[in-house]
Amino acid sequence: MPTASQNALFGMGNPLLDICAVVDKDFLDKYGLKPNDQILADEKHKALFEEMAKKSKVEYHAGGSTQNSVKIAQWMIQEPHKVATFFGCIGTDHFGEILKQKAAEAHVDAHYYEQSEQPTGTCAACITGDNRSLIANLAAANCYKKEKHLDLDSNWGLVEKARVYYIAGFFLTVSPDSIMKVAKHACEHNKIFGLNLSAPFISQFFKEPLMNVMPYVDILFGNETEAATFAKEQGFETDDIAEIARRVQLLPKVNKNRPRIVVFTQGKDDTVATVGEKVTMFPVIDIDQNEIVDTNGAGDAFVGGFLSELVQEKSLEQCIRAGHYAANIIIQRSGCTFPEKPDFQ
């Protein structure tokens, strides 16, 4: 069986430090937050970050959606180290140093574009029960520059080494031209390019860059809310998740050698995936609600588990099984953190 080689998996996105704390409904209401959502911070959220940092049981975890996923993929693979490569922008500050250290500890080959104009990005994860509301203050993450980093020979060489590419839709707000360059490279060399819908606001307000890259997407990930929003914005006129997956599978595609795979997770309900022309349901691992610590990072973990098998050329069923395993582990822990070794066969 093929084992993973170094730099076989390439990810690019927003490296953020997660600031996690349990909050109450009053806190959510005060800042106009939905219990389960992902949004970008604006002026009215400035105080939220300060208030979160003052909470008694605040935790800091290395985050950022794509970075979480490649880290989980690397954890699932274990050996060799540095199968996963990650690009993104950080600041020259303490939070940036933490992200570098955490990436190294996870054995991810992270190559950050470092600049001093903006501080390292943060993401407030407001936990209520088994919901999580994420507010991202991109800061440095928003400063990624294709010509300053991706285009450099030493960096582009790492892109060329990869067989599987994965970028969360969040990065569409930062550097769509970087995404297009990577997506076109994957397409031209018959490699696999994966994208995530990531959040409803991407399908709503970043429709043009999203649909520009869609013809190059070999695997599209998302959850049921994101899928429904995408369908609504595209005028599909259905909220049936399986039907939406089928419709997305049929959207125009440049590389005809690979039919598009669409994978939509639905929390505790079955994961929906397109297998050729048909749509198949894959049940998740049963879990007692009391064992769920927080669902922050569950979607990222699913993708990470999936990618860990994909990069080893395993079947779609096996990829989804690994995704379900990784997500099941993550929701029993705080933030997107994991035990020393996986127990997945």
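Rules used throughout
Residues numbered from 1 in each chain as written. Predicted model: local features only at pLDDT ≥ 70, side-chain atom pairs only at ≥ 80, totals over all residues. Heavy atoms only, no water. UniProt positions renumbered as here; feature names shortened; annotations may be inferred. Salt bridge = Lys/Arg side-chain N within 4 Å of Asp/Glu carboxyl O. Helix = DSSP H or I, 4+ residues; strand = E, 2+ residues; numbered from the N terminus. Buried < 20%, exposed > 50% of the residue type's maximum accessible area, 1.4 Å probe, protein only. Polar contact = N/O pair within 3.5 Å; in protein donor to acceptor, adjacent residues only side chain to side chain. Pairing = 2+ DSSP bridges. Axes fitted to C-alpha atoms, helices over the stretch in contact; angles between N-to-C directions. Contact = heavy atoms within 4.5 Å.

As annotated in an unreviewed UniProt entry, the chain carries the name Adenosine kinase and is attributed to Astyanax mexicanus. Quoted verbatim from the Subunit (unreviewed entry) heading of the UniProt record, the comment on the chain is "Monomer."

Q: Help me out: how do you make sense of the pattern of salt bridges in this one?
A: Side-chain pairing between opposite charges can occur once the charged atoms of the two side chains come close. Counted by the stated rule, this structure contains 14 salt bridges. Glu51 is paired through a salt bridge with Lys30; the nearest N and O atoms lie 2.8 Å apart. One end of the pair, Glu51, is in helix H2 (residues 46–54); the other, Lys30, is in helix H1 (residues 25–30), and 21 residues separate them in sequence. Among the residues examined, Glu51 registers a relative accessible area of 25% and is labelled partly exposed. Arg246 is paired through a salt bridge with Glu243; the nearest N and O atoms lie 3.0 Å apart. One end of the pair, Arg246, and the other, Glu243, are both in helix H11 (residues 241–249), three residues apart, so they sit about a helical turn from each other. Residues joined in a network through salt bridges with shared partners are Glu97, Lys100 and Glu114.

Q: Teacher, can you tell me more about the environment of Glu43 here?
A: For Glu43, the position within the fold is in the loop between strand S3 (37–40) and H2. At a separation of 3.1 Å, a polar atom in the side chain of Glu43 contacts the side chain of Lys46.

Q: Help me out: how do you make sense of the sheet that holds strand S8 (residues 131–137) in this one?
A: Backbone-to-backbone hydrogen bonds join strands into a sheet, with any given pair of strands oriented parallel or antiparallel. Taken together, five strands build an open sheet; the order of strands is S3-S8-S7-S2-S4 and the sheet is mixed. Every other strand in the sheet has two partners, leaving S3 and strand S4 (59–63) as the edge strands with one partner each. On average, each strand axis in the sheet is tilted by 20° relative to the strand beside it, whichever way the strands run. Where strand S7 (residues 121–128) meets S8, seven bridges bridge the pair, whose relative direction is antiparallel. When the sheet's bridge partners are listed, Cys123 is paired in S8 with Ala136. Along the sheet, helix H3 (residues 65–77) makes contact with strand S2 (16–22) and S4, crossing S4 at roughly 80°.

Q: How do you make sense of the sheet that holds strand S6 (residues 109–115) when you look at a structure like this?
A: Spatially, nine strands are ordered S6-S5-S1-S9-S10-S11-S12-S13-S14 in an open sheet, and the strand pairing comes out mixed. Strands at the two margins of the open sheet, each flanked by one partner only, are S6 and strand S14 (278–282). Put simply, the sheet's adjacent strands are angled 20° from each other on average, direction ignored. Pairing between strand S9 (residues 164–168) and strand S10 (residues 192–196): five bridges, direction parallel. By the bridge assignment for S10, Ile167 is matched with Leu195. Across the face of the sheet, helix H6 (residues 153–161) comes into contact with strand S1 (9–12), strand S5 (84–91), S6 and S9 while running at roughly 145° to S5.

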